Amino acid sequence: LDMNKNELVELFCARPRRKFQRGLKRKAHALIKKLNKAKKEAPAGEKPEAVRTHLRNMIIVPEMIGSVVGVYNGKSFNQVEIKPEMIGHYLGEFSITYKPTAHGRP
């Protein structure tokens, strides 16, 4: 995506837009830095090493595309590969925190 931060933020819904206007915190910047490092160290044409995080409330931004993130769900880290259509969503949306029940099944 060839957009600057302001153009990108205008496309977000109200909550992520507010979060960006108030500024990303230190942990969010650290995660983006680790993802960029993992992408640089990966051989060309291969997926980068997964970066583990507890930051379920991190909003996916264009710099993260192509990265693999291990998102903590309270018990384990679920690997999520970041795709362009995920921009503006939270990391936690892609790592379910409960085990769906099959009602009425033995």
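Here's a quick rundown of the structure. Residue positions are given per chain, counted from 1 along the sequence in the order it is written. Local features are withheld for residues below a pLDDT of 70 in this predicted model, meaning they are given only at 70 or higher, and side-chain atom pairs are given and counted only at 80 or more; totals for whole chains, interfaces and linings count all residues. Water and hydrogen atoms play no part in the side-chain values, which are based on all heavy atoms of the structure.

**Some thoughts on the overall build of the chain**
Argument step 1. Each helix and strand in the chain was counted, giving three helices and three strands.
Argument step 2. Tracing the chain from N to C terminus, the helices and strands come up as α-α-α-β-β-β.
Argument step 3. Viewed in the frame of its principal axes, the chain has a C-alpha envelope of about 55 × 40 × 25 Å.
Argument step 4. Across the 106 residues of the chain, 32% fall into the buried class.
Argument step 5. The contact criterion used throughout is that any non-hydrogen atoms of two residues lie within 4.5 Å. Long-range contacts, defined here as pairs at least 24 residues apart, represent 49% of the contacts in the chain between residues at least 6 apart.
Argument step 6. Under the convention used here, a 1.4 Å probe and the Shrake-Rupley method define accessible areas, while residue burial counts only the protein chains that appear. Here the chain has roughly 7,800 Å² of accessible surface; of this, 51% comes from carbon and sulfur atoms.
Argument step 7. This count recognises Lys and Arg as positive and Asp and Glu as negative, with His and chain-terminal groups excluded. To locate a charge, take atom NZ for lysine, CZ for arginine, CG for aspartate or CD for glutamate. Where the 21 positive side-chain charges of the chain centre and where its 10 negative ones centre are 12 Å apart. Helix and strand assignments come from DSSP, with helices taken as H or I runs of at least 4 residues and strands as E runs of at least 2, each series counted from the N terminus. Relative accessibility under 20% of the residue-type maximum defines a buried residue, over 50% an exposed one, and the middle range a partly exposed one, all with a 1.4 Å probe and only protein chains included.

**Overview of the side chain of asparagine 73**
Argument step 1. Mapped onto the secondary structure, asparagine 73 falls in the loop between strand S2 (68-72) and strand S3 (77-81).
Argument step 2. Nitrogen and oxygen atoms within 3.5 Å of one another constitute a polar contact, given that in protein one can donate a hydrogen and the other can accept it, and given that sequence-neighbouring residues count only through two side-chain atoms. For asparagine 73, the side chain forms a polar contact with the main-chain oxygen of isoleucine 96, separated by 3.3 Å.
Argument step 3. In contact with asparagine 73, other than residues within four places in its own chain, are Arg56, Asn78, Ser95, Ile96 and Thr97.

**Observations concerning the layout of surface pockets**
Argument step 1. Put simply, the grid is 1 Å and covers the protein atoms alone, a cavity is a trapped set of points that fit a 1.4 Å probe, a pocket is an open set with protein on both sides within 12 Å along at least five of seven lines, and lining residues have an atom within 4 Å of a point. Grid points are joined across faces, edges and corners, and a volume is the space filled by probe spheres set on the points. Looking at the largest pocket, its volume works out to about 160 Å³.
Argument step 2. Surrounding the largest pocket, Lys19, Arg22, Gly23, Leu24, Lys25, Lys27, Ala28, Leu55, Asn57 and Met58 form its lining.
Argument step 3. Residue polarity follows a fixed list, in which Ala, Val, Leu, Ile, Met, Phe, Trp, Tyr, Cys and Pro are nonpolar, Asp, Glu, Lys and Arg are charged, and the others, Gly among them, are polar. Tallied by class, residues from the lining of the largest pocket come to four nonpolar, two polar and four charged.

**Brief notes about the packing of aromatic side chains**
Argument step 1. Planes of paired rings set the category: under 30 degrees apart is stacked, over 60 is edge-to-face and the rest tilted, where pairs are Phe, Tyr or Trp rings (Trp by its six-membered ring) whose centres lie within 6.5 Å. Taken as a whole and judged by the stated rule, the model has two aromatic pairs.
Argument step 2. Ring geometry for phenylalanine 12 against phenylalanine 20: centres 5.5 Å apart, planes inclined by 50 degrees, an arrangement best described as tilted.
Argument step 3. A relative accessible area of 13% places phenylalanine 20 in the buried class.
Argument step 4. Aromatic pair tyrosine 72 and phenylalanine 77: ring centres 4.8 Å apart, planes at 50 degrees, arrangement tilted.
Argument step 5. Taking the relative accessible area as the measure of exposure, tyrosine 72 reaches 23% and is therefore partly exposed.
Argument step 6. With relative accessibility at 25%, the residue phenylalanine 77 sits in the partly exposed group.

**A look at the pattern of salt bridges**
Argument step 1. By salt bridge we mean one thing: a side-chain nitrogen of Lys or Arg within 4 Å of a carboxyl oxygen of Asp or Glu. Following the criterion strictly, the structure yields two salt bridges and no others.
Argument step 2. Residue glutamate 63 pairs with lysine 5 through a salt bridge whose shortest N-O separation is 3.4 Å. Of this pair, glutamate 63 sits in the loop between strand S1 (51-53) and S2 while lysine 5 sits in helix H1 (residues 5-11), placing them 58 residues apart in sequence.
Argument step 3. In this structure glutamate 63 comes out as partly exposed when scored by relative accessible area, which is 31%.
Argument step 4. Classification of lysine 5 by relative accessible area gives partly exposed; the value is 40%.
Argument step 5. Note that lysine 47 is salt-bridged to glutamate 81, the shortest N-O span being 3.1 Å. In this pair, lysine 47 is assigned in the loop between helix H3 (26-41) and S1 and glutamate 81 in strand S3, connecting sequence segments 34 residues apart.

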